[in-house]
Amino acid sequence: MASVSWRPVEGPLVKELKKNLSKSCRDLVEVHPGRLVVYIYHKDWYQRQLDFSVKKDDVWVITYPKSGTTWMQEMTWCVVMGIHHQQTSLPLMKRFPFFEWDSMIAPDFMDEKLCADDPCLPGNTWKIMANMSSPRTIKSHLQVPLLPKQMWEVKPKIIYVCRDPRDVCISYYFHYVKLNGYKKELSDFVEFFLADIMPFAPFWSHILDFWRRRDQENILFVRFEDMKEDLLSVVQKVADFLGKQLSAEEVIRIADHCSFGSMSKNKAVNNETLPAAENEKAKGLKFMRKGKVGDWKNHLTDTQIKAFKEWTFKHLEGSDFPYYQDYE
Ligand code: A3P
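So, here is what we can say about the structure in this document. Sequence order as written defines the numbering, with residues in each chain counted from 1. Local features in this predicted model are restricted to residues of pLDDT 70 or higher, and side-chain atom pairs are both shown and tallied only at a pLDDT of 80 or more, whereas totals for entire chains, interfaces and linings draw on every residue. Values shown for side chains rest on all heavy atoms present in the structure; no hydrogens or waters enter the calculation.

A short note on the packing of aromatic side chains
Just so we agree on the cut-off: Any Phe, Tyr or Trp ring, taking Trp's six-membered ring, that has another such ring centre within 6.5 Å forms a pair; planes under 30 degrees apart are called stacked, those over 60 apart edge-to-face, and the others tilted. Under the DSSP-based scheme used, a helix requires at least four consecutive residues in state H or I and a strand at least two consecutive residues in state E, with every element numbered from the N terminus. When accessible area is computed with a 1.4 Å probe and restricted to protein chains, residues below 20% of their type maximum are described as buried, those above 50% as exposed, and intermediate ones as partly exposed.
Going through the model one piece at a time under the given rule, you end up with 40 aromatic pairs. Seen from their ring centres, W71 and F224 are 5.2 Å apart, and the 70 degrees between their planes marks the pair as edge-to-face. With W71 in helix α3 (residues 69-81) and F224 in helix α10 (residues 224-229), this residue pair connects regions lying 153 residues apart in the sequence. Here W71 falls in the buried class, since its relative accessible area comes to 14%. With a centroid separation of 5.9 Å and an interplanar angle of 50 degrees, the aromatic rings of W204 and W311 are classed as tilted. Placement of the pair is W204 in helix α9 (residues 203-211) and W311 in helix α14 (residues 302-316), with a sequence separation of 107 residues.

Here is the structure:
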């Protein structure tokens, strides 16, 4: 195995980013080789995560953050378990655990408002995965080299979702304001995003590592934009991929259940109870924010759009990835 090292993510931009975040999410490291950005606690979990026992009938949803993870998780869960399953109202983090959650929080993290078995508390998510009955549904944002080794031998079902980076960046910005206490403006955040210093960066290699594997039988590559355009077709595609026979009525029910309006009201998935930053900027922001394609047009300046273009073209050079290059 190539030797792995962890280095603090450094530089003037990082300093600026850290100054403007809540304490709990400030410390990031880069894993080398690859310069893969993760939380500082990753080092303590790396080997356990790499050695995690994967099962053939696992269903993984993997994404770069803010690409429609929650949306695809809920849809996948309903396809796997059935829309009428009695646990549909359980919090998503219990039904569809977040694989690397424990490596994103301090081992002594405590919040009195949470029950002792809350998946947000240290060690609980790992326990949920250990005790989960099959088929397990698991979410991850980890980059390919950090995922369990068995992923590539056992070949569970993997659904990868990507989204236009310009929309991801806007969504990530509001997420950071709401949940991570981010105090600066979007213009600064765009610089951080394009510098690939955010958790689970680099953005393009995250996507391209799955894009290259998209023809493997156990991998389904989906775009957020496909889900927006025709949710019924994506539900059907996910069902076919997972070998589930659904009636036309079930497909419609799942698509309805996963509409933006319905998910926004659904406490099991709308993340309204996640502890939000206590400041004016964060007030009133919702995790289920807009759920639109192209919201970046309302936020990015011409200069920022040009910066996205240069960054995109640089990283896509030599790749056959065809999307998100619609620049004049
Ligand atoms: P916006 O911030 O652009 O609204 P993730 O789950 O990966 O964190 O992604 C969150 C993004 O997906 C948010 O984007 C959220 O609104 C959007 N989203 C979640 N459920 C959705 C749905 N049912 N329909 C459309 N967008 C949805």
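Considering the site of the ligand
Inclusion rule: In these notes, residues near a molecule or strand are those with any non-hydrogen atom within 4 Å of it. Whenever two N or O atoms come within 3.5 Å, that pair is a polar contact, provided that in protein one can donate a hydrogen and the other can accept it, and provided that, for residues adjacent in sequence, both atoms are side-chain atoms. Only the protein chains shown count as covering a residue, and every accessible area follows the Shrake-Rupley method with a 1.4 Å probe. Side-chain classes are defined by residue name, with Ala, Val, Leu, Ile, Met, Phe, Trp, Tyr, Cys and Pro counting as nonpolar, Asp, Glu, Lys and Arg as charged, and the others, Gly among them, as polar.
Close to the ligand lie 18 residues; T69, T70, S171, K290 and G291 are nearest. Between the ligand and R163 there is a distance of 2.9 Å, counted from an oxygen atom to a side-chain nitrogen or oxygen. At a separation of 2.8 Å, an oxygen atom of the ligand approaches a polar side-chain atom of R289. Coverage of the ligand by the protein amounts to 97% of the 570 Å² it exposes when considered alone. Breaking the shell around the ligand down by element, the ones donating at least two residues are α3 and α13 (260-265). In terms of residue count, α3 provides more of the shell around the ligand than any other element does, three residues in total. When the residues that make up the shell around the ligand are grouped by side-chain class, the tally is seven nonpolar, seven polar and four charged.

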